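Results of the structural survey
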Amino acid sequence: MAFQIFAYILHKDGAVDDTAGEMVAAAKKIDPAASITAIVVGSKIDSVCNSLTASFKEVWKIDNDALSYPNSEVIRGLLAGIIPKGNILLVPHDHFGMDLSPGLSVKLDGAYLPDAIDFDGVDGGKLKAVRQEFSGQVSTHVLCDISGGAVITTRPGSFAAEAGAAGGSVVDKTADALAGGMPGGKRRFVEVIEAEMGDVDITKSDILVSIGRGIGEQENIEITEELAKAMGGDLSCSRPIIDAKWLEKSRQVGTSGKTVKPKVYMALGISGSFQHLGGIKGSPFMVAINKNPNAPIFQIADIGIVEDLLEFVPVLTEKINESK
Amino acid sequence: MDILVCIKRVPDTAENEISVNSSGSDIERDDLVYSVNEWDNYAVEEAIQIRDKVGGSVTVVAVGDSESEDVLRREMAMGADKGILLSDDAFEGSDGKGLATILKAEIAKGKYDLILTGAQADDGAGQVGGMLAAMLDLPFASLVNLIEASDDKKIKIGREIAGGQQEISEIDLPCVLSIQTGINEPRYVGIRGIRKVASVEIPVRGASDLGLNQDSIGAAAAKVSRVDYFTPVLGKGAEILEGSIDEKVDKLVELLKSKGGIK
Ligand SMILES: Cc1cc2nc3c(=O)[nH]c(=O)nc-3n(C[C@H](O)[C@H](O)[C@H](O)COP(=O)(O)OP(=O)(O)OC[C@H]3O[C@@H](n4cnc5c(N)ncnc54)[C@H](O)[C@@H]3O)c2cc1C
Ligand SMILES: Nc1ncnc2c1ncn2[C@@H]1O[C@H](COP(=O)(O)O)[C@@H](O)[C@H]1O
């Protein structure tokens with residue numbers, strides 16, 4: 001095909017992120033014959049670049065002390081200067097990709113396809129992709145005109161990581177990228193503030209009773225606390241509970257909260273958005289209680305119960321206590 | 001500080017179960033309850049709080065049909081000073097870039113120090129804010145969960161990044177920020193508040209008022225278009241327990257015991 005595919009590589013503390021292999025898989029779904037170029041931006045990134053040559057034909061390195069923290073306003077300017085128009089750039093759809101990519105598509109004059117979870121071939125210059133809307137309640141097929149190039153973000157975890165062709169080489173693009181000076185001075189990084197420690201560490205819990213917006217009101221949390229107590233587990237939650245300030249931030253499960261790996265996960269009134277599910281690792285035994293039979297959580301859970309949680313949970317708690 | 005907030009009218013997922021219609025051409029729209037996009041409501045609250053602290057004005061703008069007037073009015077009842085509706089048949093079928101082009105044309109008619117959008121809307125794209133910033137050549141930050149406005153040249157912002165961490169930066173004004181939920185606690189709007197602004201005039205502008213032609217907006221200019229809707233298949237699917245509540249509870253207690261779910 002007439003375009004080249006680039007993949008933006010996330011890395012931290014010298015380690016390549018899992019999304020690198022996922023983008024290899026994604027690129028192959030767009031074009032099975034694609035030779036994929038990795039782009040790595042940072043400071044002191046030789047070992048990261050070298051490790052990527054095992055999977056990418058070419059690895060573009062942009063290495064400068066001033067790039068030690070990934071400020072997307074800076075990186076957007078650098079990429080706009082070196083990625084030839086008319087090509088495809090894949091970026092993981094996380095907090096960095098969401099920051100970088102929409103504006104980059106404008107700068108590169110290409111299409112923008114956000115949060116793709118699958119691809120279904122290219123036909124007549126149009127890429128067919130799968131997306132989700134309404135936090136995963138429905139899926140859609142979309143057509144993206146890639147004839148003038150595109151920036152595409154791919155949802156982390158949606159593509160099964162693959163290794164690409166080995167034997168690639170590193171190309172130092174630092175001088176090219178910085179030819180016009182360091183861009184993006186209007187947004188200056190100051191610091192990262194670490195997450196606060198809470199009263200319980202849900203990342204260590206074997207049993208989590210997790211509540212979502214379906215709990216309805218703050219007073220109702222009590223019945224789920226009682227369930228957690230009966231089960232010998234801890235209470236965690238989805239994001240709307242934190243936004244409402246009903247529980248401490250340290251109890252939030254998800255991409256912008258904690259990553260948990262319990263043995264048993266009870267999802268009560270949680271719809272099952274990818275940002276929530278992204279925080280659950282290790283395939284726990286998952287029970288979902290939701291009054292909507294079409295809630296996406298039922299596709300992931302092991303056991304589904306279609307009930308009003310406010311009615312169901314007290315009965316469950318009582319039975320557990322009786323059975324002890 | 002003069003602040004513009006872009007808002008979108010969307011089906012309210014807290015009030016509706018969203019499902020695909022029988023032909024897959026759309027979601028089932030009968031009986032849908034609409035409201036302002038959740039993220040935008042936080043953005044408007046933030047704008048009002050900033051204005052109340054440092055002075056200035058809050059304008060809310062929506063691209064949509066005449067029904068979007070309702071959400072503009074709702075946010076005006078919250079405290080926004082002014083609403084603008086951008087509406088034209090020519091806007092239909094616009095993709096993210098088309099929407100940003102329309103908003104940019106309106107922004108060019110005014111002078112704003114701060115432009116806010118939601119982090120994302122109903123289709124989960126999260127694109128309009130970043131595109132708008134790039135088109136206006138303004139600095140941008142997404143997923144903002146803290147704003148400290150002290151100065152009229154620059155502000156301090158926090159972005160939500162992974163694992164509950166917060167990235168603090170300084171950003172020059174004017175700028176475009178996309179707002180994440182949880183940044184504040186949006187105030188409640190009662191019927192009375194909405195009644196108060198019921199007769200306030202909301203100007204409506206179309207393509208020609210904004211100097212836009214079909215090369216950059218609408219379905220013809222869209223590079224991304226939706227083909228159909230379908231119901232996702234994510235995993236193998238849960239085993240759904242059947243029976244009365246008592247029967248389900250009994251089964252579940254047994255299962256939990258066998259899986260180590262009861263200590
Ligand atoms: C950048 C970004 C990061 C994010 N990070 C996270 C994150 O880390 N964690 C996270 O959780 N979310 C995160 N989100 C938000 C995410 O997109 C969803 O909005 C959120 O997960 C939805 O939470 P929920 O399932 O509780 O609510 P909803 O999606 O509103 O679902 C509520 C569910 O409760 C059910 N229900 C209602 N009443 C009852 C009842 N009485 N009994 C039983 N069921 C009932 C409904 O059928 C529905 O399925 C993030 C979003 C963005 C943009
Ligand atoms: N039709 C619209 N009118 C006004 N603002 C919009 C519209 N669509 C999207 N936006 C803004 O862009 C943000 C992100 O939406 P999206 O890029 O569609 O996910 C929303 O939260 C709004 O602030």
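Heads up: the structure comes first, above all this text.
As the structure is a computational prediction, the values presented were derived from the model and not from experiment. (Residues numbered from 1 in each chain as written. Chains lettered and ligands numbered in written order. Predicted model: local features only at pLDDT ≥ 70, side-chain atom pairs only at ≥ 80, totals over all residues. Heavy atoms only, no water.)

As a further point, take the pattern of salt bridges. Considering all chains together, one arrives at 39 salt bridges over all chains under this definition. A salt bridge links R187 of chain A to D99 of chain A; the shortest N-O distance between them is 2.8 Å. Of this pair, R187 of chain A sits in strand 13 (residues 187-193) while D99 of chain A sits in helix 4 (residues 95-107); the two residues are 88 residues apart in sequence, bridging distant segments of the chain. Of the two residues examined, R187 of chain A and D99 of chain A, each falls in the buried class. Salt bridges linked by common partners bring D99 and R187 of chain A together with R159 and E167 of chain B together as one network. (Salt bridge = Lys/Arg side-chain N within 4 Å of Asp/Glu carboxyl O. Helix = DSSP H or I, 4+ residues; strand = E, 2+ residues; numbered from the N terminus. Buried < 20%, exposed > 50% of the residue type's maximum accessible area, 1.4 Å probe, protein only.)

Let's shift gears to the site of ligand 1. Taken together, 27 residues form the shell around ligand 1, and within it S238, Q252, S256, S271 and N290 of chain A come nearest. In this structure, ligand 1 is bordered by residues of chains A and B. S238 of chain A is positioned such that a nitrogen or oxygen atom in its side chain is 2.5 Å from an oxygen atom of ligand 1. L309 of chain A places a main-chain nitrogen or oxygen 2.9 Å from a nitrogen atom of ligand 1. Those elements that provide at least two residues to the shell around ligand 1 are helix 7 (239-243) and helix 8 (274-277) of chain A. Class assignment of the residues belonging to the shell around ligand 1 gives a composition of 5 nonpolar, 17 polar and 5 charged. (Near = heavy atom within 4 Å. Polar contact = N/O pair within 3.5 Å; in protein donor to acceptor, adjacent residues only side chain to side chain. Nonpolar A, V, L, I, M, F, W, Y, C, P; charged D, E, K, R; others polar.)

Looking now at the interface of chain B and chain A. Many analyses report the size of an interface as the accessible area lost when the parts associate. Counting residues at the interface gives 82 residues for chain B, matched by 85 residues for chain A. In this assembly, chain B packs against chain A so that about 7600 Å² is buried in total across both faces, 55% of it on carbon and sulfur atoms. Applying the counting criterion to the chain B and chain A interface returns 12 salt bridges. Linking R188 of chain A and E170 of chain B is a salt bridge whose minimum nitrogen-to-oxygen distance equals 3.0 Å. Run the count over chain B and chain A and you get 45 residue pairs in polar contact (both at pLDDT 80 or more). Only helix 1 (38-54), helix 4 (128-136), strand 7 (140-149), strand 8 (154-160), strand 9 (166-172), strand 12 (224-230), strand 13 (239-240) and helix 7 (245-258) of chain B provide two or more residues apiece to the side of chain B that touches chain A. For the side of chain B that touches chain A, the element with the highest residue contribution is helix 7 of chain B, accounting for 10 residues. Looking at the side of chain B that touches chain A, its residues break down into 36 nonpolar, 22 polar and 24 charged. (Contact = heavy atoms within 4.5 Å. Buried area = accessible area lost by both parts, 1.4 Å probe.)

This paragraph deals with the nonpolar core. One broad rule of soluble globular proteins: the nonpolar side chains tend to lie buried together. Residues and elements named next belong to chain B. Counting 37 residues, the largest nonpolar core has V5, L114, L116, I147, I155 and L177 as its most contacted members. Secondary-structure elements contributing two or more residues to this core are strand 1 (2-6), helix 1, strand 4 (57-63), helix 2 (68-78), strand 6 (114-118), strand 7, strand 8 and strand 10 (175-179). No other element matches the 6 residues that helix 1 contributes to this core. Excluding anything up to four places from it in sequence, I147 contacts E46, I50, L116, I155, K156, I157, L177, I179 and I183. (Core = buried A, V, L, I, M, F, W, Y, C linked by side-chain atoms within 4.5 Å.)

Right, let's get into helix 10 (residues 309-323) of chain A. Here helix 10 of chain A contains 15 residues, and its C-alpha end-to-end distance of 20 Å stays within 8% of the 21 Å for a straight helix at 1.5 Å per residue. Among all positions in helix 10 of chain A, only L309, F312, V313, L316, T317 and I320 of chain A are buried. Projection of helix 10 of chain A onto a plane perpendicular to its axis shows the buried side chains occupying an angular sector of 130 degrees, all on one side. In helix 10 of chain A, those exposed residues whose orientation departs by more than 90 degrees from the buried face are E318 and E322 of chain A. Elements that come into contact with the buried residues of helix 10 of chain A comprise helix 6 (221-231), strand 16 (264-268), strand 17 (285-289) and strand 18 (303-305) of chain A together with helix 7 of chain B. N-capping of helix 10 of chain A is provided by D308 of chain A, with a side-chain oxygen placed 2.8 Å from the backbone N of L310 of chain A. (Expected span 1.5 Å × (residues − 1). Arc of directions from axis to C-beta.)

Geometry only, nothing functional implied.
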